[in-house]
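An overview of the molecular structure
So the chains spell out like this:
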Amino acid sequence: MNTFCIDNIKADYEAVEEKFLSNYACRSANSLGRVYPEEECALRTVFQRDKDRILHSKAFRRLKHKTQVFLSPEGDHYRTRLTHTLEVAQIARTISRALRLNEDLTEAIALGHDLGHTPFGHTGEEVLNSLLKGGFRHNEQSVRVVTYIEDLNLTRETIDGIAHHTGQPLPFTLEGQVVKASDRIAYLNHDIDDALRAGVIQLKDIPRACLDFLGTSNRTRISKMVLDIIENSFNKDTILMSEKCTDNMKELRSWMFNNVYVGSSAKKEEDKAKKILHDLFHIYLLKLQAQYASLGEDTRLEQVAADYIAGMTDRYALKKYKRFFIPSNSPEPDDDSFLYKLAAESLKGSNGSN
C-alpha cells in the first residue's frame, strides 16, 4: 500500500514534467531560481508558486478597472486590462499544451505581463513616457511591480518573460515566447471585436484578404493563428508563425492602427485622460519635493510619482483628479500614504530619507 506523503507532491509534478515535456520546455526543477533564495514549497513547483503570487497580488486585482482600448465604455462586454490578461493566458496555455511546454510557467508570465500598465491604457503610458527622463515602458514597469513595489520574489524565468513580452530581445524561454505571440493574437482580435461592438468599424471595412485568410469571426481568427504557431513551432527551439499568417496579422494590425488605435471615435476622450495624468504627476511630484526638499530635482522622486500613478485604476485616477482640481463642499481627506511609503523605500539610505 502506498503511503501518502505531502512532501512527494511537488516531486511528483517535477517527475511528470521530466517525462512528458518537450526537450525545449523549461522544467521547474531546472529553474534559475529566485532573486533571493527561500524555502521551497512542499506542494507546488516554483512556477506554480509564481502564478499564485501574481494572482494574489494587489496589482493583479486592479487590472479589472484599467482601460484596454476604450475609455469608460458604456456596456459590460468591453475588455478591460484584466480580461485581456485572462485571454492571453488562455491562448498561451493552449499553445504551450500542444507544444508540450511548461503550462505553469506560461500562465505565470501571461498573468503578470501587464501588471505595470497605467490607467487609461497606452494613453497613460505615453504620458508617463513623456514626463520621465528615462522614459516609461509598461513591460519594465511590470517588472518593477513584481520585483520592487510588491516584492513577489518570482523566478528569473517568469521575470524575463514579463520583461520581454514586448519589444526586443525575445524571452529566453519558449514559454515566454509563447506569451509574446499570444499577447498579439489576443489584443488584435479582441480589439476588433470591441471596435465592432462600439460601431467604430464594420466588418465590411476590414481588409477582405485578411478576413479570407484568417476568418470573419473572433474564434476563427484566433484558431487560425494558434494552429499556425503550433504547426510551425512543434519540436523547434523557437516559436514561429508562417510567413503568410504573419503578413496577414501585420496588415490587420496596421489597419487597426489607422482605423481604431489612432484618431478614431474610440480615442475621442484621450486628450482628457492625458491631462488628468499629466496634472496628477506634477502635483504628486510637488508634494514629494516638499517632503524631501533637500533632494531638489531628484529623479528618484519622479520615479516614485510614476510608480504611484501607474498603479492607479482609471476610476482612482479620476477620484484623485477631482479631489485636487474640482471644487467640493466636502473634500475627501488626503489618503496618499502609499505614495510616501514608496518614497521612503526608494530613498532609504539617502540624506533626504526620514
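Below is a summary of the structure that appears in this document. Just so it is clear, the structure is predicted and the values come from calculations on it, not from any experiment.

Basis of the calculations
Residues numbered from 1 in each chain as written. Predicted model: local features only at pLDDT ≥ 70, side-chain atom pairs only at ≥ 80, totals over all residues. Heavy atoms only, no water. Salt bridge = Lys/Arg side-chain N within 4 Å of Asp/Glu carboxyl O. Helix = DSSP H or I, 4+ residues; strand = E, 2+ residues; numbered from the N terminus. Buried < 20%, exposed > 50% of the residue type's maximum accessible area, 1.4 Å probe, protein only. 1 Å grid on protein atoms, 1.4 Å probe; cavity = no way out; pocket = protein on both sides within 12 Å on 5 of 7 lines; lining within 4 Å. Points joined across faces, edges and corners; volume = space filled by probe spheres on them. Nonpolar A, V, L, I, M, F, W, Y, C, P; charged D, E, K, R; others polar.

1. Quick look at the pattern of salt bridges
Per the counting criterion, the structure on display carries 29 salt bridges. A salt bridge links Lys274 to Glu126; its shortest N-O distance comes to 3.9 Å. Within this pair, whereas Lys274 is found in helix α13 (residues 270-291), its partner Glu126 is found in helix α6 (residues 121-131), the two being separated by 148 residues in sequence. Given the relative accessible area of 47%, Glu126 is considered partly exposed. With a closest N to O distance of 3.5 Å, Asp193 and Arg197 form a salt bridge.

2. Things to note about the layout of surface pockets
One water molecule sets the probe size; rolling that probe over the atoms shows where empty space is left. Size it by volume and the largest pocket reaches roughly 1000 Å³. Forming the walls of the largest pocket are 41 residues, and the residues nearest its centre are Thr166, Asp183, Arg184, Tyr187 and Arg253. Among the secondary structure elements, those contributing two or more residues to the lining of the largest pocket are α4 (81-99), α6, α9 (174-198) and α12 (243-261). Partitioned by chemical class, the residues of the lining of the largest pocket number 15 nonpolar, 15 polar and 11 charged. Lining the second largest pocket are 21 residues, with Arg62, Tyr308, Gly311, Met312 and Phe338 positioned closest to its centre. Secondary structure elements with two or more residues in the lining of the second largest pocket: α3 (58-62), α7 (138-149), α14 (299-310), α15 (314-325) and α16 (337-346). Within the lining of the second largest pocket, the residues separate by chemical class into 9 nonpolar, 5 polar and 7 charged.

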